[in-house]
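# Breakdown of the fold
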There are 2 protein chains.
Amino acid sequence: MAKYRIALDAMGGDNAPVAIVEGAKLAVEEFPDITVQLYGPEDALRPLIEGSERIEIVHAPEVIGMHDSPMLAVRQKTESSLVKAVLAVREGAADAVVSAGSTGALLAGGMLRIGRIRGIERPALAPVIPGRKKPFLLIDCGANVDCQPRYLQQFGLMGSVYMQSVQGVPRPEVGLANIGTEAEKGDKLTREAYALMSAQSAYIFKGNAEVRDVPAGDFDVVVADGFVGNVILKSIEGVSSLIMGMLKDSLRSSRRARAGALMMRPALRGLKNKMDYKSHGGAPLLGVNGAVVKAHGSSDARAIKNAVRQARSMLEGKVVEKIRDGLDGLSAKE
Amino acid sequence: MAKYRIALDAMGGDNAPVAIVEGAKLAVEEFPDITVQLYGPEDALRPLIEGSERIEIVHAPEVIGMHDSPMLAVRQKTESSLVKAVLAVREGAADAVVSAGSTGALLAGGMLRIGRIRGIERPALAPVIPGRKKPFLLIDCGANVDCQPRYLQQFGLMGSVYMQSVQGVPRPEVGLANIGTEAEKGDKLTREAYALMSAQSAYIFKGNAEVRDVPAGDFDVVVADGFVGNVILKSIEGVSSLIMGMLKDSLRSSRRARAGALMMRPALRGLKNKMDYKSHGGAPLLGVNGAVVKAHGSSDARAIKNAVRQARSMLEGKVVEKIRDGLDGLSAKE
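Given the structure is predicted, the values throughout are model-derived calculations rather than measurements.

## What to know about the overall build of chain A
For chain A, the helix and strand inventory stands at 11 helices and 12 strands. Considered along the principal axes of its C-alpha atoms, chain A spans approximately 65 × 60 × 35 Å. For chain A, with 334 residues in total, the buried portion stands at 59%. Expressed as a percentage of contacts within chain A between residues at least 6 apart in sequence, the contacts between residues at least 24 apart total 70%. Accessible surface computed for chain A: about 13,600 Å², of which carbon and sulfur atoms make up 49%. Computed over 43 positive and 38 negative side-chain charges, the inter-centroid distance for chain A is 5 Å.

## Overview of the packing of helix H6 (residues 149–165) of chain A against helix H11 (residues 319–326) of chain A
For any two helices packed against each other, one specifies the crossing angle of their axes together with the interaxial distance. Residues and elements named next belong to chain A. Two numbers describe how H6 lies on H11: the axes approach to 9 Å, and their chain directions differ by 135°. Looking at the two axes, H6 sits oblique to H11. In this structure, the crossing between H6 and H11 has a hand that is right-handed. Across from Leu-157, Met-158, Val-161 and Ser-165 in H6, the residues of H11 making contact are Val-319, Lys-322, Ile-323 and Gly-326.

## Structural notes on the interface of chain B and chain A
With 49 residues of chain B in contact, the opposing surface of chain A contributes 49 residues. Counting the surface lost from both chain B and chain A, the interface buries some 4,600 Å², and carbon and sulfur atoms represent 74% of this. On the chain B side of the contact with chain A, Ile179(B), Phe227(B) and Met263(B) bury the most area, a combined 14% of that side's loss. At the surface where chain B touches chain A, the tally comes to four salt bridges. When the shortest N-O distance is used, the salt bridge between Glu210(A) and Lys234(B) registers 3.1 Å.

## Digging into the relation of the copies chain B and chain A
The relation between the two copies of this chain is a rotation about an axis and a shift parallel to it. Laying chain B over chain A is done by rotating through 180° and shifting 0.0 Å along the axis; what remains is an RMSD of 0.1 Å. Considering both components of the superposition, the chain copies are consistent with a two-fold axis. Rotation axis and chain B: the residue whose C-alpha lies nearest the axis is Gly260(B), separated from it by 1.8 Å. A share of 100% of the interface residues of chain B reappears at the interface of chain A, consistent with the copies meeting face to face through the same patch.

## Considering the pairing of strand S4 (residues 96–99) of chain B
Along a regular strand, successive side chains alternate from one face of the sheet to the other. All names here are of chain B. Residue alternation in S4 divides its side chains into two sets, Ala-96 and Val-98 and Val-97 and Ser-99, and both sets are buried. Bridge analysis of strand S1 (residues 4–9) against S4 gives three bridges, and the strand direction is parallel. Within S4, the position partnered with Ala-7 by the bridge is Val-97. Alignment of S4 against strand S12 (residues 291–294), held across four bridges, turns out to be parallel. Its bridge partner lying in S12, Val-98 is registered against Val-293.

## So, the packing of helix H8 (residues 226–251) of chain A against helix H8 (residues 226–251) of chain B
Their axes nearest at 9 Å, the elements H8(A) and H8(B) cross at an angle of 40°. Relative to H8(B), H8(A) is oriented oblique. The element H8(A) and its partner H8(B) pack so that their crossing is right-handed. Of H8(B), the residues touching H8(A) (which contributes Phe227(A), Val228(A), Val231(A), Ile232(A), Ser235(A), Ile236(A), Val239(A), Ser240(A), Ile243(A) and Leu247(A)) are Phe227(B), Val228(B), Val231(B), Ile232(B), Ser235(B), Ile236(B), Val239(B), Ser240(B), Ile243(B) and Leu247(B). When the residues that make up the contact of H8(A) with H8(B) are grouped by side-chain class, the tally is 16 nonpolar, four polar and no charged.

## Concerning the pattern of salt bridges
All names here are of chain A. Counted under the stated rule, the structure contains 32 salt bridges over all chains. Here Arg-46 and Glu-42 are joined by a salt bridge, their closest N and O atoms 2.4 Å apart. Measuring nitrogen to oxygen at the nearest pair gives 3.4 Å for the salt bridge that ties Lys-134 to Asp-220. Placement of Lys-134 in the loop between strand S6 (128–129) and strand S7 (136–139) and of Asp-220 in the loop between strand S9 (204–210) and strand S10 (221–223) is noted, with a sequence separation of 86 residues between them. Owing to a relative accessible area of 27%, Lys-134 belongs among the partly exposed residues under this scheme. A relative accessible area of 4% places Asp-220 in the buried class. When salt bridges that share partners are traced, they join Lys-3, Asp-33, Arg-312 and Glu-316 into one network.

## Considering H8(A)
For H8(A), spanning 26 residues, the distance from its first C-alpha to its last is 37 Å, which sits close to the expected 38 Å at 1.5 Å a residue. The buried fraction of H8(A) amounts to 22 of the 26 residues, a majority that puts the element mostly inside the structure.

## Focus on the sheet that holds strand S4 (residues 96–99) of chain A
All names here are of chain A. In space, the seven strands of this open sheet follow the order S3-S2-S1-S4-S12-S11-S5, with mixed pairing throughout. Looking along the sheet, the strands with just one partner apiece sit at the ends: strand S3 (55–59) and strand S5 (124–125). Sheet contacts for helix H1 (residues 18–30): strand S1 (4–9), strand S2 (34–40) and S3; angle to S2, the most-contacted strand, approximately 170°. Contacts between helix H10 (residues 301–316) and the sheet are confined to S1, S2, S4, strand S11 (283–286) and strand S12 (291–294), with S1 contributing the most and set at about 140° to the helix.

## Considering the state of the cysteines
All names here are of chain A. Inspection of the entire model under this criterion finds zero disulfides over all chains. Its sulfur unpaired, Cys-147 is 12 Å from the next cysteine sulfur, which belongs to Cys-141. For Cys-147, a relative accessible area of 8% puts it in the buried group.

## Details of the environment of Pro32(A)
Tracing the chain through its elements places Pro32(A) in the loop between H1 and S2. Distance in space between the C-alpha atoms of Pro32(A) and Ile232(A) is 38 Å, their sequence separation being 200 residues.

## Quick look at the sheet that holds S7(A)
All names here are of chain A. Strand order in the open sheet made by the five strands is S6-S7-S10-S8-S9, with mixed pairing throughout. Looking along the sheet, the strands with just one partner apiece sit at the ends: S6 and S9. Relative to S7, S6 is paired through two bridges, and the arrangement is antiparallel. Considered in S7, the bridge of Val-128 is made with Leu-137. The strands touched by H6 within the sheet are S6, S7, strand S8 (173–178) and S10, with S7 carrying the most contacts at an inclination of about 150°.

## Some thoughts on helix H7 (residues 188–198) of chain B
Listed in full, the buried residues belonging to H7(B) are Leu189(B), Thr190(B), Ala193(B), Tyr194(B) and Met197(B). Down the axis, H7(B) shows its buried residues gathered within 130° of arc, on one side only. Those residues of H7(B) that are buried are in contact with H8 of chain A together with helix H6 (149–165), strand S8 (173–178), strand S9 (204–210) and strand S10 (221–223) of chain B.

Calculation notes
Residues numbered from 1 in each chain as written. Chains lettered and ligands numbered in written order. Predicted model: local features only at pLDDT ≥ 70, side-chain atom pairs only at ≥ 80, totals over all residues. Heavy atoms only, no water. Helix = DSSP H or I, 4+ residues; strand = E, 2+ residues; numbered from the N terminus. Buried < 20%, exposed > 50% of the residue type's maximum accessible area, 1.4 Å probe, protein only. Contact = heavy atoms within 4.5 Å. Areas by Shrake-Rupley, 256 points an atom, 1.4 Å probe, with all protein chains shown as cover. Lys, Arg positive; Asp, Glu negative; His and termini not counted. Charge placed at Lys NZ, Arg CZ, Asp CG, Glu CD. Axes fitted to C-alpha atoms, helices over the stretch in contact; angles between N-to-C directions. Parallel < 35°, antiparallel > 145°, perpendicular 65-115°, else oblique. Left-handed = near helix turned anticlockwise from the far one by under 90°. Buried area = accessible area lost by both parts, 1.4 Å probe. Salt bridge = Lys/Arg side-chain N within 4 Å of Asp/Glu carboxyl O. Least-squares fit on C-alpha atoms with pLDDT ≥ 70 in both. Pairing = 2+ DSSP bridges. Nonpolar A, V, L, I, M, F, W, Y, C, P; charged D, E, K, R; others polar. Expected span 1.5 Å × (residues − 1). Disulfide = S-S within 2.5 Å. Arc of directions from axis to C-beta.

Here it is, written out as structure tokens:
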């Protein structure tokens, strides 16, 4: 019998349901110890999975769109693929849930339906982002604005556990996103969070992570208020696509440059892949009482497979249990 | 007689005093209507300006270093080049001040010694940043953390006046940096600032500027709390240098790519210049009762000349007067 049961929202994302179903097939092929439950309209999904083993369909006729209010959708669209997939984890019918649908609805569903780990006040969204030296986890990326300092202290624990258990970093180094490196830098929130993070023994706090240096990858985990984390994430996305666009314009600016670009194509493609944070799978929602992964809205089959792998790694790495175990260390320095 | 007297901190910045003095020479050459006052040790500066017209030296034996506490330095190092240059504006001996030295000390000096425009609660640092379509002013970039909503409303006015009077944008469009475009998006600060900015008639408020789209250049002015603005600025810097570094690595990765890169060199150099926000001069400190420009610490002579030009344009554009005139429009929608 399969060890892990992954609930997959078959109707979430730009390429649903085909890419989601194809991703499920790739995932069961790669991981013999999982089953995938596809949530969506039975008649739409059935023809897509013919002959596949370890993939089952759970009928869910409703779909949550990108324009639905997340809170309302979770409360009212109880027959939607996203809500039913989330509820499966709550009810013990599945071990983890993956969706490429509405981020807000998945957050709301995770928090309201699965619930928080006792002792964690705010679950947080935490994508792994490619840095120059190594990838880093940015937590929180938008689940919570107007954070309290102790939320940030808890984010550090959740991020550290994830990077250790799922990404295999032996001793993750945690930094606090800030506008300077000295302890007294920042606004009220970061100064108070700095003090709390310095006074705990649950993870390795390495001080302030100056935002300019964050993309270099000096830290394994970068902690921020959800507003600030979202600003960092979107600045990275915005500048990356700006530079890529300008680069393309430059390359087309002369015949000579075009010829050069043609010769450089493999190198440039490598660069593009390195910058493409989507290929790193989805973002875990950490702090809820289960494994929840938000796949990118534009996920293709490979990205969905990676997100399923990530959910499986969270189960195998016992992320929820380890976050729970680490909570004691937050209140006291060893 | 020269129309504008610019006080220049000759000892501030990585390349002081030589690059500063050379910049002063370029500036007086380009602008016949200015004089430059060089603040610094007489004996160090005298040999550098021999034969120059419209450049005078004002002796200032002390230097404020990058490791001095800004507040203490402004209070105690009263014989420093930076403090004396700032005081010259306060006392009417100069019309504007430019420094490539400590940002913190220049901010503290500007606020404490020159003082605020009556009605402006927090002066703000506001560099012009290259965007894909057009450059934009990012205000505030770090002078104020923990802002109140009405500070942000005032930043909009100051930024709009600057872009109109100095950069020649006829009807500057002001956006509020946020993590989504809808009015209800963001944290407490941005939601309240959104309401205040919507309810005024001093400038054109175009709503939330989603951070991902900021580098595209859809807005002329982007308003943010100093912490968030600094995060945006440093993310842009960090990602730009990351991508440039990765690009360099890629180009060197194979003989074929190297050959291609050689052919593309002119196009790539154009791209680099476009991304180099330093060449756009310094950042004005808006909201103080005078023209104050912070030049980049690594400024060369050309950058210093550009910063002096900027100070001159602020005087010619009557930025202080226009900010004062605009204040009435903040409290009422026409």
